[in-house]
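Reading the structure
Chain by chain, the residues run as shown.
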Amino acid sequence: MSAVAAMQDWTKLFPEVEELIPADAIQNRIRELGQQIEQDYAGLDTVFIGVLKGSMLFMSDLFRAVHAPITCDFVAISSYAGSQESSGVVRLLKDLDAQCIGRHLLIVEDIVDTGLTLRYLLDLLMAREPASLRVCSLLDKPERRKVDVPVHYKGFSIPNRFVVGYGLDHEEKYRNLPFIGVLKIDPPILR
């Protein structure tokens, strides 16, 4: 099946989602990010830290795009407390298994918007004395920023729209879309 035919199948299954970033553009950008990260971390003891659940697809593809010895681990963080609007209170639901002292940590995020959750995670990990700590995010939504956070590697800057697909969800749906899309229906909040 061609890429065009596959896309038509997705649009038939999810007519409420308008494509914003095509699947091939995502994969091309991930290859570019992988090459840059591979150069920057050459010879270093590096741990990719995926932020669950949204980063799972991005993390998997990025991990394979880096042709160097790296390890990975995951954290799960929540600031939503059962609602769709961030409460501003961040909770750690799953901590790292890996040791951080003296290692080079790369946080892999699906999207950075307000920066509140990322700020919490950066502060938490800096206290564990890594050799370095950087952030790689597939999407950056700078219009929504409430706190200043560094994004060292960025896939795409996007407008202040509610996005789904490629790991991002709305009520746990749409994560499996191979592209980033905008819901045509009006969700209750922006993310």
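My aim in this report is to walk through the structure given alongside it, one point at a time. (Residues numbered from 1 in each chain as written. Predicted model: local features only at pLDDT ≥ 70, side-chain atom pairs only at ≥ 80, totals over all residues. Heavy atoms only, no water.)

1. Examining the side chain of Arg175
Along the polypeptide, Arg175 turns up in the loop between strand S8 (163-164) and strand S9 (180-183). Classification of Arg175 as buried rests on a relative accessible area of 12%. Reaching out from Arg175, the side chain makes a polar contact with the side chain of Asp169 at a distance of 3.2 Å. Ignoring any residue separated from it by four or fewer positions in sequence, one finds Arg175 in contact with Lys53, Gly54, Met56, Leu57, Gly165, Tyr166, Gly167, Leu168 and Asp169. (Helix = DSSP H or I, 4+ residues; strand = E, 2+ residues; numbered from the N terminus. Buried < 20%, exposed > 50% of the residue type's maximum accessible area, 1.4 Å probe, protein only. Polar contact = N/O pair within 3.5 Å; in protein donor to acceptor, adjacent residues only side chain to side chain. Contact = heavy atoms within 4.5 Å.)

2. Observations regarding the sheet that holds strand S5 (residues 104-112)
Across the sheet, which stays open at both edges, the six strands sit in the order S4-S3-S2-S5-S6-S7 with mixed pairing between neighbours. The open sheet has two free edges, formed respectively by strand S4 (91-94) and strand S7 (153-157), since each of these has just one partner strand. Adjacent strand axes in the sheet meet at a mean angle of 30° when their direction is disregarded. Pairing of strand S3 (residues 70-78) with S4 involves three bridges; the strand directions are antiparallel. If you follow Ala76 over to S4, its bridge partner there is Lys94. Packing against the sheet, helix H3 (residues 56-65) makes contact with strand S2 (46-52), S3, S5 and strand S6 (132-140), and its axis sits at approximately 165° to S3. (Pairing = 2+ DSSP bridges. Axes fitted to C-alpha atoms, helices over the stretch in contact; angles between N-to-C directions.)

3. So, the packing of aromatic side chains
With the rule as written, the count across this model stands at two aromatic pairs. The interplanar angle of 80° and the centroid separation of 5.8 Å between the aromatic rings of Phe48 and Phe63 together place this pair among those described as edge-to-face. Taken together, the residues Phe48 in strand S2 and Phe63 in helix H3 connect sequence positions 15 residues apart. Assessed through its relative accessible area of 27%, Phe63 is described here as partly exposed. (Phe/Tyr/Trp six-rings, centres within 6.5 Å; stacked < 30°, edge-to-face > 60°.)

4. Comments concerning the pattern of salt bridges
Under the definition given, this model contains 14 salt bridges. The shortest N-O distance in the salt bridge between Arg64 and Asp61 comes to 2.3 Å. In this pair, Arg64 and Asp61 both sit in helix H3, three residues apart, roughly one turn of the helix. For Arg64, a relative accessible area of 55% translates into the label exposed. The exposure class of Asp61 is buried, given its relative accessible area of 16%. As a salt-bridge pair, Asp73 and Lys94 come within 3.7 Å of each other at their nearest N and O atoms. With a gap of 21 residues between them, Asp73 in strand S3 and Lys94 in strand S4 connect regions that are remote in the sequence. Connected through salt bridges with shared partners, the residues Lys53, Asp169, Glu172 and Arg175 form a single ionic network. (Salt bridge = Lys/Arg side-chain N within 4 Å of Asp/Glu carboxyl O.)

5. Things to note about the sheet that holds strand S1 (residues 17-21)
The sheet built from three strands is open, its strands ordered S1-S9-S8 with antiparallel pairing. Only two strands of the sheet have a single neighbouring strand rather than two, namely S1 and S8. Both S1 and S9 contribute to a ladder of four bridges, which runs antiparallel. Looking at the pairing, Glu18 lines up with Val182 of S9.

6. Points about the environment of Asp45
Within the secondary structure layout, Asp45 lies in the loop between helix H2 (23-40) and S2. Residue classification places Asp45 among the partly exposed positions, given a relative accessible area of 40%. As a C-alpha pair, Asp45 and Thr71 span 26 residues in sequence and 8.3 Å in three-dimensional space. Apart from the residues lying within four places of it in its own chain, the contact partners of Asp45 are Arg103 and His104. A distance of 3.0 Å separates a polar atom in the side chain of Asp45 from a polar atom in the side chain of Arg103.

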